[in-house]
Amino acid sequence: MPGSDGASQDFPAGDAVLYEAMDSGVAVVTLNRPERLNAWGPDIATGFYAAIDRADNDPAIRVIVLTGRGRGFCAGAYLGGPGDADKVGNSLDKAGQTNLAELVGDRPPHFLTTLRKPVVAAINGSCVGIGLTQALMCDVRFAAAGAKFGAVFARRGLIAEFGISWILPRLTSMGIALDLLLSARTFLAEEAAELGLVKEVVAADDLMKRALEYAENMAANCSPASMAVIKRQLYADTTRDVAQANGHSEVLVQEAMSRPDVIEGITSFLQKRRPQFPPLSSHDA
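Residues numbered from 1 in each chain as written. Predicted model: local features only at pLDDT ≥ 70, side-chain atom pairs only at ≥ 80, totals over all residues. Heavy atoms only, no water.

**Quick word on the sheet that holds strand E7 (residues 140–144)**
Item 1. Taken in spatial order, the six strands line up as E1-E2-E3-E5-E7-E10 in an open sheet, and their pairing is mixed. Edge strands, defined here as strands with exactly one partner in the open sheet, are strand E1 (17–21) and strand E10 (200–202). Mean inter-strand twist for the sheet, computed between neighbouring axes without regard to direction, equals 20°.
Item 2. In this structure, strand E3 (residues 63–68) lies alongside strand E5 (residues 119–123), joined through four bridges in parallel fashion. By the bridge assignment for E5, Val65 is matched with Val120.
Item 3. Contacting E1, strand E2 (26–31) and E3, helix H1 (residues 42–57) crosses the sheet at an angle of about 15° to E1. (Pairing = 2+ DSSP bridges. Helix = DSSP H or I, 4+ residues; strand = E, 2+ residues; numbered from the N terminus. Axes fitted to C-alpha atoms, helices over the stretch in contact; angles between N-to-C directions. Contact = heavy atoms within 4.5 Å.)

Dropping the structure here:
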């Protein structure tokens, strides 16, 4: 398991997704179907939602790191092997009459943006289709050098699924989103960083070390309540104009002043020590 220097616990609900709670206040959620490059299926979906809920509800956890085991982060939806090609027609006929929740899980990828806690993606390999959408819905992304990315929907006869048409132009631009979605081309981590989709590209062997270093810095030095409100502000303000965003922020400032986090943040700064912020309460954000 990554980050073995912390206190580790395997998540009990199967092994498709592994869960590790670390003493540093970081939870590592690992997609664990390396034999299929962690392609998304009902087994991963069930374990993923359970692990994310566990981290979000645990007051000891302040930041979540999402990664994949093996050579892939998440290589899209699981479509089966070469031997299943002659069954595709029948499978899709059934899929057309099936609730999408039965295929991809009971929540859309954008639910990650509604969490109170930051989610950092450590993209260790292939990040394609719904895997790319999941990564983009994380708040910060690190990637291993040479990792392959692709919004391959058009090459499968599909459309821009599960909110990628909303998040991609917001992280880059309309022109870049049109390029990546219409061409459905493969691009590497290095280009993803140039486009603003990835914060940093690091050597594969250093990926988890760097992602954990970043997450642990946030967990140690940033107010959980502040991060929860800031995250909510950023995503909500994408649909507001600047005057609305400013007016809403003034209300939030007044609310923040009543929390102990402000006193601790200023006092610890003046005393030149690490802050001791309280964990999130059920009322925060």
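Moving on from the model shown.
**Brief notes about the layout of surface pockets**
The method is simple in principle: a probe with the dimensions of a water molecule rolls over the atoms, and the space it marks as empty is what remains.
Item 1. By volume, the second largest pocket is sized at about 330 Å³.
Item 2. As for the second largest pocket, its lining consists of 18 residues, of which Asp139, Val140, Lys231, Leu234 and Tyr235 are closest to the centre.
Item 3. Those elements giving two or more residues to the lining of the second largest pocket turn out to be E7, helix H5 (164–171), helix H8 (207–221) and helix H9 (224–236).
Item 4. Here the lining of the second largest pocket takes five residues from H9, the largest share from any one element.
Item 5. Split by residue class, the lining of the second largest pocket holds 13 nonpolar, one polar and four charged.
Item 6. Taken together, domain 1 (17–78 + 102–220) and domain 2 (223–271) each give at least three residues to the lining of the second largest pocket, which thus spans both. (1 Å grid on protein atoms, 1.4 Å probe; cavity = no way out; pocket = protein on both sides within 12 Å on 5 of 7 lines; lining within 4 Å. Points joined across faces, edges and corners; volume = space filled by probe spheres on them. Nonpolar A, V, L, I, M, F, W, Y, C, P; charged D, E, K, R; others polar. Domains from an automatic or database assignment.)

**Examining unusual backbone geometry**
Item 1. Positive phi is not limited to glycine here, since Asn38 has a value of about 60°.
Item 2. By secondary structure assignment, the location of Asn38 is in the loop between E2 and H1.
Item 3. Look at Asn38 and you get buried, because its relative accessible area is 0%.
Item 4. The phi angle at Ala184 is positive, at roughly 55°, despite the residue not being glycine.
Item 5. Along the polypeptide, Ala184 turns up in the loop between helix H6 (174–183) and strand E9 (186–188). (Buried < 20%, exposed > 50% of the residue type's maximum accessible area, 1.4 Å probe, protein only.)

**Focus on the packing of aromatic side chains**
Item 1. Inspection of the entire model under this criterion finds seven aromatic pairs.
Item 2. Look at Trp40 and Phe48: their rings are 5.4 Å apart centre to centre, the planes differ by 75°, and that puts the pair in the edge-to-face class. A single burial state applies to Trp40 and to Phe48, both of which are buried.
Item 3. Geometrically, the ring pair formed by Phe48 and Phe111 is edge-to-face, given 6.2 Å between the ring centres and 80° between the ring planes. Linking Phe48 in helix H1 with Phe111 in the loop between helix H3 (100–104) and E5, this pair joins segments that are 63 residues apart in sequence.
Item 4. Taking relative accessible area as the criterion, Phe111 reaches 8% and is therefore assigned buried.
Item 5. Among the aromatic side chains, those forming a connected cluster through ring pairs are Trp40, Phe48, Tyr49 and Phe111.
Item 6. Over the aromatic face of Phe111 sits the side chain of Arg107, whose NZ or CZ is 5.0 Å from the ring centroid. (Phe/Tyr/Trp six-rings, centres within 6.5 Å; stacked < 30°, edge-to-face > 60°. Lys NZ or Arg CZ within 6 Å of the ring centre and 35° of its normal.)

**Focus on the pairing of E2**
Within a regular strand, side chains alternate between the sheet's two faces.
Item 1. Of all six residues in E2, six are buried; the element is thus mostly enclosed.
Item 2. When E1 meets E2, the two strands line up antiparallel, connected through five bridges. Considered in E2, the bridge of Val17 is made with Leu31.
Item 3. Hairpin connection of E1 to E2: four residues between the antiparallel strands, including Gly25 at a positive phi of 90°.
Item 4. Pairing of E2 with E3 involves six bridges; the strand directions are parallel. Among the inter-strand pairings, Val26 is bridged to a residue of E3, identified as Val63.
Item 5. In terms of handedness, the path from E2 via H1 over to E3 forms a crossover that is right-handed. (Right-handed = clockwise from strand over helix to strand, strands pointing away.)

**What about the side chain of Ser126?**
Item 1. Of note, Ser126 is situated in strand E6 (residues 126–128).
Item 2. A residue is classified by how much of its surface remains accessible, and Ser126, at 18% relative accessible area, is buried.
Item 3. Aside from chain neighbours lying at most four places away, what touches Ser126 is Leu37, Arg71, Gly72, Phe73, Cys74, Ala75 and Lys148.

**With respect to the nonpolar core**
Item 1. Of all hydrophobic cores here, the largest spans 50 residues; its most connected members are Val29, Phe48, Phe149 and Ile164.
Item 2. Discounting residues that sit within four places of it in the chain, Phe48 has contacts with Val17, Val29, Leu31, Trp40, Leu66, Phe111, Leu112 and Gln134.
Item 3. Counting 19 residues, the second largest nonpolar core, distinct from the first, contains Val26, Val202, Met208 and Ala219. (Core = buried A, V, L, I, M, F, W, Y, C linked by side-chain atoms within 4.5 Å.)

**Observations concerning the packing of helix H4 (residues 130–137) against H5**
Item 1. Running from amino to carboxyl end, H4 crosses H5 at an angle of 55°, the nearest separation of the two axes being 10 Å. In terms of their interaxial angle, H4 and H5 are classed as oblique. By crossing handedness, the relation of H4 to H5 is classed as left-handed. Counting all contacts with H4, which are made through Leu132, Thr133, Leu136 and Met137, the residues of H5 involved are Ile164, Ile167, Leu168 and Leu171.
Item 2. Among the residues forming the contact of H4 with H5, the class breakdown is seven nonpolar, one polar and no charged. (Parallel < 35°, antiparallel > 145°, perpendicular 65-115°, else oblique. Left-handed = near helix turned anticlockwise from the far one by under 90°.)

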